[in-house]
Protein chains: 4
Amino acid sequence: MTFCEELREEASDIWDTWHEHPFVKGIGDGTLDKEKFQYWLRQDYVYLIDYARVFAFAAGKANELKVMQKFAELLDGVLNTEMQLHRSYAAKFGISDEELEGVEKSPTCQAYTDFLVRTASVGTLPEIIAALVPCFWGFLEIGERLAETGDTSENNPYRDWIEMYSSDEFEDLSEWSKELMNQMARDASESERERLKEVFVTSSRLELKFWDMSYEMEDWE
Amino acid sequence: MTFCEELREEASDIWDTWHEHPFVKGIGDGTLDKEKFQYWLRQDYVYLIDYARVFAFAAGKANELKVMQKFAELLDGVLNTEMQLHRSYAAKFGISDEELEGVEKSPTCQAYTDFLVRTASVGTLPEIIAALVPCFWGFLEIGERLAETGDTSENNPYRDWIEMYSSDEFEDLSEWSKELMNQMARDASESERERLKEVFVTSSRLELKFWDMSYEMEDWE
Amino acid sequence: MTFCEELREEASDIWDTWHEHPFVKGIGDGTLDKEKFQYWLRQDYVYLIDYARVFAFAAGKANELKVMQKFAELLDGVLNTEMQLHRSYAAKFGISDEELEGVEKSPTCQAYTDFLVRTASVGTLPEIIAALVPCFWGFLEIGERLAETGDTSENNPYRDWIEMYSSDEFEDLSEWSKELMNQMARDASESERERLKEVFVTSSRLELKFWDMSYEMEDWE
Amino acid sequence: MTFCEELREEASDIWDTWHEHPFVKGIGDGTLDKEKFQYWLRQDYVYLIDYARVFAFAAGKANELKVMQKFAELLDGVLNTEMQLHRSYAAKFGISDEELEGVEKSPTCQAYTDFLVRTASVGTLPEIIAALVPCFWGFLEIGERLAETGDTSENNPYRDWIEMYSSDEFEDLSEWSKELMNQMARDASESERERLKEVFVTSSRLELKFWDMSYEMEDWE
């Protein structure tokens, strides 16, 4: 069993709950309230900025040049390409650039990004990877399941979303992160692997809370 | 108006909500469920460890020797004195050291400490102070109000708590942090002061959520 | 007088010494020992890796999205494009990729990169910029002076070097960093501006020591 | 062979050179120029401030409470006790507090402290310990050898120095750091142990340069 398989098993209940989540199922069959999806788009936009910071700190800390290079590429990709795609996609759902610029993080978005950025800034590189894998692999697993079981016809207003997270590019990213995690775990002590599991589980839980937050359109009041 | 007065005004609604919170009022009149208080003690214990990290990063980043020295003293005080007091105090409420060592952070405790440690690790010293002031000043304000309006007789099982947070030592700490904040704000640009306000408000909101969490005995399920 | 002009004046003697340095003059007239230049190429290669880390931490810390984006672009550019150019250029001077991979930092390269990375990791964004400006602007000033006064014929084995550091692209980079510095200085207090000057002077001094190191082919013995 | 013994062997030549250094021997037999010792006292004072930062970052990063506590104690000890002792000691050699406050780091002091603080801020806890062990253990070894072979009569103006670095307290500190290093090395992979050796050797080299710097009364010109 690879270390990622161990991680996946450790967080199995949480990941199962994602797949059963009304937000995720609503994307799959196209019945999700547009308003809830717009809420997700806005929060995901501010999430992306801190997600980019995680790549930045990872690049700043990595010992291996190859790993630095990959994180540099990811960082540049998120900030200089994907955020523009995100803005275009949000525009299709009636959200303007100005609106995106003015988004305030919701409590759960704040919690999740603070966890990621704290881990990136204070933690070791293996811990950073353990925090990131659920973002990559988790979205891929959701994307792939929805691509199989969901409505991918033109009737589904969220079909592009499903397509993106089940794409080959996204799979490559997820695979790269898993291989890096497995490689790093081979060099880790037992106590370090325990910590990595905790980090993975915390990210997995915060992913779940992010779906809750979006479905309930959480705010600070 | 000092900068701290501006901050206090900015977060006025949130701070008012603290004072009206059933957890805080229950400490004041002694009616709070013991179980809820035990929950708070456990979470506060793990909170303290990360709170200490904030002092550590502040000491590591401060330019002025005097500020480094104060944070070094606070850090040593929390880890080598206060945590022991906390353990003794928790023991009076039937919580053993072993139980404290095994506490898992609740979602809100995780969120609040991640915000503090992220700010400490990534942010500037003024931002770190802005994140800390609500912890110092807020608890003092609560302590002082309860000392005036609450039940401070021996009938109140929480009278020691009220005494601690309305003590002269705690007031000195709060005053020190406010003076440091005011001094740093004098050197800050308008946009920096805006950021400091945001940090202060976020800490204030997370303080409120910490009371909610304790009252509801929140867990990850 | 802009803040950058103030900085330039503060470090005027140091910058003058660069221009008179035998290493720099030897590039200008083509008389520099090939062996000394090879030494510089090897040390500059390992320098670049840490230089990239500075961009990474800057991207991780910047508040403005525009600034994050620029540092992300620079980071990706250095690691995924310029290092390859550097390897090709080094190959022309008989240095293989394997040799580059195995370079050990000399004392001065260690000192300079540790200063930059420490500043990037512990300091504020304005401090990071103050540490970087001498690398950008200083090399541009050297490149431009040599383009005017040096030998830019095919007889000079270092003409490509002169061309690179006097190019429009390099000028744009230098201008961008100066504008960012000036903008940040406008928001800085007097004491903060003093710190920025110290950082700028330290980087300028370490640039000078880097020329000394290369001319003397310094090692740890 | 413990990991610390391996480290000691790796840096054996460098440590031998310390013991033969004219600055160290001059302390041993009391013949060192007072002016050179004063120079050392001034640079050691500014060194201590950054040395304290290393303890601060270590406390901020440690996972184990016991390790955090020890670093908190060390940090408080250095900043709130030892620096005062240092000032008193410097006063005996005619250096005023004002003079100490105004010291500018020499190039080597800058290099060494930047290496330590960079490692503390960017590195892992084992790397931080590997950077610190030569400061603790190295001074103890020097102190103990001089206590055996040097002039410890009242004729030696530096006898207090020898006494301090051969004291039981200092030995305890050195032992603690070595035990922590050995413990961390047991959990480290082969490649991580290689990195720890590099860090240890770099600190050892910079210790040596610190003696050179003091003997030559180095400045930036």
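Because the structure is a prediction, the values reported are computed rather than measured.

**With respect to the overall build of chain A**
Turning to step 1, where the next piece is worked out: Counting its secondary structure elements, chain A contains 11 helices and 0 strands.
Turning to step 2, where the next piece is worked out: For chain A, the sequential pattern of α-helices and β-strands runs α-α-α-α-α-α-α-α-α-α-α.
Turning to step 3, where the next piece is worked out: Relative to its length of 221 residues, chain A is compact, with a C-alpha radius of gyration of 17 Å against a globular reference of 17 Å.
Turning to step 4, where the next piece is worked out: Oriented by its inertia axes, the alpha-carbon framework of chain A measures out at about 50 × 35 × 35 Å.
Turning to step 5, where the next piece is worked out: Per-residue burial for chain A yields a buried fraction of 63% across its 221 residues.
Turning to step 6, where the next piece is worked out: A separation threshold of at least 6 residues defines the contact pool for chain A, and within that pool the share at least 24 residues apart is 82%.
Turning to step 7, where the next piece is worked out: Here chain A displays about 8,900 Å² of accessible surface, and carbon together with sulfur accounts for 44% of that area.
Turning to step 8, where the next piece is worked out: Between the mean site of the 22 positive side-chain charges and the mean site of the 47 negative ones, chain A shows a separation of 3 Å.

**Brief notes about the relation of the copies chain B and chain C**
Turning to step 1, where the next piece is worked out: When chain B is fitted onto chain C, the two copies agree to an RMSD of 0.0 Å after a turn of 180° and an axial shift of 0.0 Å. One copy is carried onto the other by what is essentially a two-fold rotation axis. Taking C-alpha positions as reference, the residue of chain B nearest the rotation axis is Thr124(B), located at 3.1 Å.
Turning to step 2, where the next piece is worked out: Interface residue correspondence from chain B to chain C reaches 100%, placing this contact among same-surface, isologous pairings.

**Re the interface of chain B and chain C**
Turning to step 1, where the next piece is worked out: The interface is formed by 9 residues belonging to chain B together with 9 residues belonging to chain C.
Turning to step 2, where the next piece is worked out: A buried area of about 740 Å², summed over both sides, lies between chain B and chain C, and 44% of it is on carbon and sulfur atoms.
Turning to step 3, where the next piece is worked out: If you look at where chain B meets chain C, you find 0 salt bridges.
Turning to step 4, where the next piece is worked out: Counting only elements with at least two residues in the side of chain B that touches chain C, the list comes to α4 (34-61) and α11 (190-216) of chain B.

**Concerning helix α11 (residues 190-216) of chain A**
Turning to step 1, where the next piece is worked out: Its 27 residues give α11(A) an end-to-end C-alpha distance of 39 Å, which sits within 8% of 39 Å, the value for a rise of 1.5 Å per residue.
Turning to step 2, where the next piece is worked out: Residue Met217(A) follows α11(A) closely and has a positive phi angle near 50°.

**Thoughts on the pattern of salt bridges**
Turning to step 1, where the next piece is worked out: This structure, assessed with the given rule, holds 64 salt bridges over all chains.
Turning to step 2, where the next piece is worked out: A salt bridge links Lys197(A) to Glu6(A); the nearest nitrogen and oxygen atoms lie 3.1 Å apart. Here Lys197(A), found in helix α11, pairs with Glu6(A), found in helix α1 (residues 3-10); they are 191 residues apart in sequence, far enough to count as distant.
Turning to step 3, where the next piece is worked out: The exposure class of Lys197(A) is buried, given its relative accessible area of 12%.
Turning to step 4, where the next piece is worked out: For Glu6(A), a relative accessible area of 26% translates into the label partly exposed.
Turning to step 5, where the next piece is worked out: Residue Glu141(D) pairs with Arg8(D) through a salt bridge whose shortest N-O separation is 2.9 Å. With Glu141(D) in helix α8 (residues 125-149) and Arg8(D) in helix α1 (residues 3-10), this pair connects stretches of sequence that are 133 residues apart. Taken as a pair, Glu141(D) and Arg8(D) share a single burial class, namely buried.
Turning to step 6, where the next piece is worked out: Salt bridges here are not isolated pairs; linked through shared partners, they connect Asp50(A), Arg53(A), Lys105(A), Asp114(A) and Arg118(B).

**As for the interface of chain C and chain A**
Turning to step 1, where the next piece is worked out: Contacts between the two partners involve 22 residues from chain C, matched on the other side by 22 residues from chain A.
Turning to step 2, where the next piece is worked out: Contact between chain C and chain A buries roughly 1,800 Å² in total, counting both sides, with carbon and sulfur atoms accounting for 65%.
Turning to step 3, where the next piece is worked out: Our enumeration of links across chain C and chain A arrives at 0 salt bridges.
Turning to step 4, where the next piece is worked out: Across the chain C-chain A interface, the total number found is 8 residue pairs in polar contact (both at pLDDT 80 or more).
Turning to step 5, where the next piece is worked out: For the side of chain C that touches chain A, the elements supplying multiple residues, two or more each, are α4 (34-61) and α5 (65-92) of chain C.
Turning to step 6, where the next piece is worked out: At 11 residues, the largest contribution of residues to the side of chain C that touches chain A is made by α5(C).

**Remarks on the nonpolar core**
Turning to step 1, where the next piece is worked out: Counting 351 residues, the largest nonpolar core has Phe71(A), Trp161(A), Trp161(B), Phe71(C), Trp161(C), Phe71(D) and Trp161(D) as the members making the most contacts within it.
Turning to step 2, where the next piece is worked out: The contacts of Trp161(A), once residues within four sequence positions are left out, are Ile27(A), Phe37(A), Trp40(A), Tyr89(A), Phe139(A), Ile142(A), Leu146(A) and Trp211(A).

**Comments concerning the packing of aromatic side chains**
Turning to step 1, where the next piece is worked out: Evaluation of the coordinates by the stated rule reveals 106 aromatic pairs over all chains.
Turning to step 2, where the next piece is worked out: Taken together, a centroid distance of 5.8 Å and an interplanar angle of 65° make the contact between Trp40(B) and Trp161(B) edge-to-face. Of the two residues, Trp40(B) sits in helix α4 while Trp161(B) sits in helix α9 (residues 159-165), which places them 121 residues apart along the sequence. For the pair Trp40(B) and Trp161(B), a shared accessibility class is recorded, and that class is buried.
Turning to step 3, where the next piece is worked out: A ring pair is formed by Phe55(B) and Phe71(B), whose centres lie 6.1 Å apart and whose planes are at 40°; its orientation type is tilted. Highlighted residues: Phe55(B) in helix α4 and Phe71(B) in helix α5 (residues 65-92), separated in sequence by 16 residues.
Turning to step 4, where the next piece is worked out: Relative accessible area serves as the criterion here: at 0%, Phe71(B) is assigned to the buried category.
Turning to step 5, where the next piece is worked out: One aromatic cluster is present, formed by Phe23(A), Phe37(A), Trp40(A), Tyr89(A), Phe93(A), Phe139(A), Tyr158(A), Trp161(A), Tyr165(A), Phe170(A) and Trp211(A) through successive ring pairs.
Turning to step 6, where the next piece is worked out: In this arrangement the basic side chain of Lys36(B) is found over the ring face of Tyr215(B), its NZ or CZ atom lying 4.5 Å from the centre.
Turning to step 7, where the next piece is worked out: Lys70(B) extends its terminal NZ or CZ atom over the ring of Trp176(B), reaching a point 5.5 Å from the ring centre.

**Here's the deal with unusual backbone geometry**
All names here are of chain A.
Turning to step 1, where the next piece is worked out: Phi is positive for Met217, close to 50°, though the residue is something other than glycine.
Turning to step 2, where the next piece is worked out: Its location among the elements puts Met217 in the segment after α11.
Turning to step 3, where the next piece is worked out: A relative accessible area of 26% means that Met217 is categorised as partly exposed.

**Details of the environment of Gly30(A)**
Residues and elements named next belong to chain A.
Turning to step 1, where the next piece is worked out: On the secondary structure map, Gly30 appears in the loop between α3 (22-29) and α4 (34-61).
Turning to step 2, where the next piece is worked out: Taking the relative accessible area as the measure of exposure, Gly30 reaches 18% and is therefore buried.
Turning to step 3, where the next piece is worked out: Once the C-alpha coordinates of Gly30 and Glu141 are considered, the two residues, 111 residues apart in sequence, prove to be 18 Å apart.
Turning to step 4, where the next piece is worked out: Each residue touching Gly30, except ones within four places of it in the same chain, is listed here: Asn156, Pro157 and Tyr158.

**Considering the relation of the copies chain C and chain A**
Here the second copy of the chain follows from the first by a rotation about an axis and a shift along it.
Turning to step 1, where the next piece is worked out: For the pair chain C and chain A, the superposition axis carries a translation of 0.0 Å, the fit reaches an RMSD of 0.0 Å, and the rotation angle comes to 180°.
Turning to step 2, where the next piece is worked out: Here 100% of the contact residues of chain C are again contact residues in chain A; the copies associate through an equivalent surface.

**Here we look at the packing of helix α5 (residues 65-92) of chain D against helix α10 (residues 168-186) of chain D**
Think of two packed helices as two axes; the pair is described by the angle between the axes and how far apart they sit.
Residues and elements named next belong to chain D.
Turning to step 1, where the next piece is worked out: Closest axis-to-axis distance for the α5/α10 pair is 13 Å, and the angle between their directions is 150°. Put simply, α5 runs roughly antiparallel to α10. You can see that α5 and α10 cross each other, and the crossing is left-handed. Between α5 and α10, the contacting residues are Val67, Lys70, Phe71 and Leu74 on the first element and Leu173, Trp176 and Leu180 on the second.

**Section: helix α7 (residues 107-122) of chain D**
Turning to step 1, where the next piece is worked out: Taking 1.5 Å of rise per residue, the 16 residues of α7(D) would be expected to cover 22 Å, and the 22 Å separating its terminal C-alpha atoms lies within 8% of that figure.
Turning to step 2, where the next piece is worked out: Counting buried positions along α7(D) gives 16 out of 16 residues, so the element sits mostly inside the fold.

**Here we look at the confidence of the model for chain A**
Turning to step 1, where the next piece is worked out: For chain A, the average pLDDT comes to 97, and 100% of its residues sit at 70 or higher.
Turning to step 2, where the next piece is worked out: Reported confidences for the modelled complex are a pTM of 0.98 and an ipTM of 0.97.

**Some remarks on the side chain of Glu207(D)**
Residues and elements named next belong to chain D.
Turning to step 1, where the next piece is worked out: Along the chain, the position of Glu207 falls in helix α11 (residues 190-216).
Turning to step 2, where the next piece is worked out: No salt bridge forms around the buried Glu207; measuring N to O, its nearest opposite-charge neighbour Arg8 is 13 Å away.
Turning to step 3, where the next piece is worked out: Setting aside residues up to four positions removed in sequence, Glu207 forms contacts with Trp18, Tyr47, Tyr112, Pro134, Cys135 and Phe139.

**Quick look at a negative patch on the surface**
All names here are of chain D.
Turning to step 1, where the next piece is worked out: Residues Glu144, Glu148, Asp168, Glu169, Glu171 and Asp172 make up a contiguous surface patch of negative charge.
Turning to step 2, where the next piece is worked out: Of all the secondary structure elements, the ones that give two or more residues to the negative patch are α8 and α10.
Turning to step 3, where the next piece is worked out: No other element matches α10, which puts 4 residues into the negative patch.
Turning to step 4, where the next piece is worked out: The residue Glu169 is located in helix α10 in this model.
Turning to step 5, where the next piece is worked out: Judged by its relative accessible area of 60%, Glu169 falls in the exposed class.

**A word on the side chain of Arg205(B)**
Turning to step 1, where the next piece is worked out: Here Arg205(B) lies in helix α11.
Turning to step 2, where the next piece is worked out: By relative accessible area, which is 17% here, Arg205(B) ends up buried.
Turning to step 3, where the next piece is worked out: Those residues in contact with Arg205(B) that sit more than four places away from it in its chain are Glu104(A), Trp220(A) and Ile14(B).

Rules used throughout
- Residues numbered from 1 in each chain as written.
- Chains lettered and ligands numbered in written order.
- Predicted model: local features only at pLDDT ≥ 70, side-chain atom pairs only at ≥ 80, totals over all residues.
- Heavy atoms only, no water.
- Helix = DSSP H or I, 4+ residues; strand = E, 2+ residues; numbered from the N terminus.
- Rg over C-alpha atoms; globule rule 2.2 N^0.38 Å.
- Buried < 20%, exposed > 50% of the residue type's maximum accessible area, 1.4 Å probe, protein only.
- Contact = heavy atoms within 4.5 Å.
- Areas by Shrake-Rupley, 256 points an atom, 1.4 Å probe, with all protein chains shown as cover.
- Lys, Arg positive; Asp, Glu negative; His and termini not counted.
- Charge placed at Lys NZ, Arg CZ, Asp CG, Glu CD.
- Least-squares fit on C-alpha atoms with pLDDT ≥ 70 in both.
- Buried area = accessible area lost by both parts, 1.4 Å probe.
- Salt bridge = Lys/Arg side-chain N within 4 Å of Asp/Glu carboxyl O.
- Expected span 1.5 Å × (residues − 1).
- Polar contact = N/O pair within 3.5 Å; in protein donor to acceptor, adjacent residues only side chain to side chain.
- Core = buried A, V, L, I, M, F, W, Y, C linked by side-chain atoms within 4.5 Å.
- Phe/Tyr/Trp six-rings, centres within 6.5 Å; stacked < 30°, edge-to-face > 60°.
- Lys NZ or Arg CZ within 6 Å of the ring centre and 35° of its normal.
- Axes fitted to C-alpha atoms, helices over the stretch in contact; angles between N-to-C directions.
- Parallel < 35°, antiparallel > 145°, perpendicular 65-115°, else oblique.
- Left-handed = near helix turned anticlockwise from the far one by under 90°.
- pLDDT = per-residue confidence, 0-100.
- Patch = residues over 30% accessible without salt bridge, like charges linked within 9 Å, V, L, I, M, F, W, Y side chains within 5 Å.

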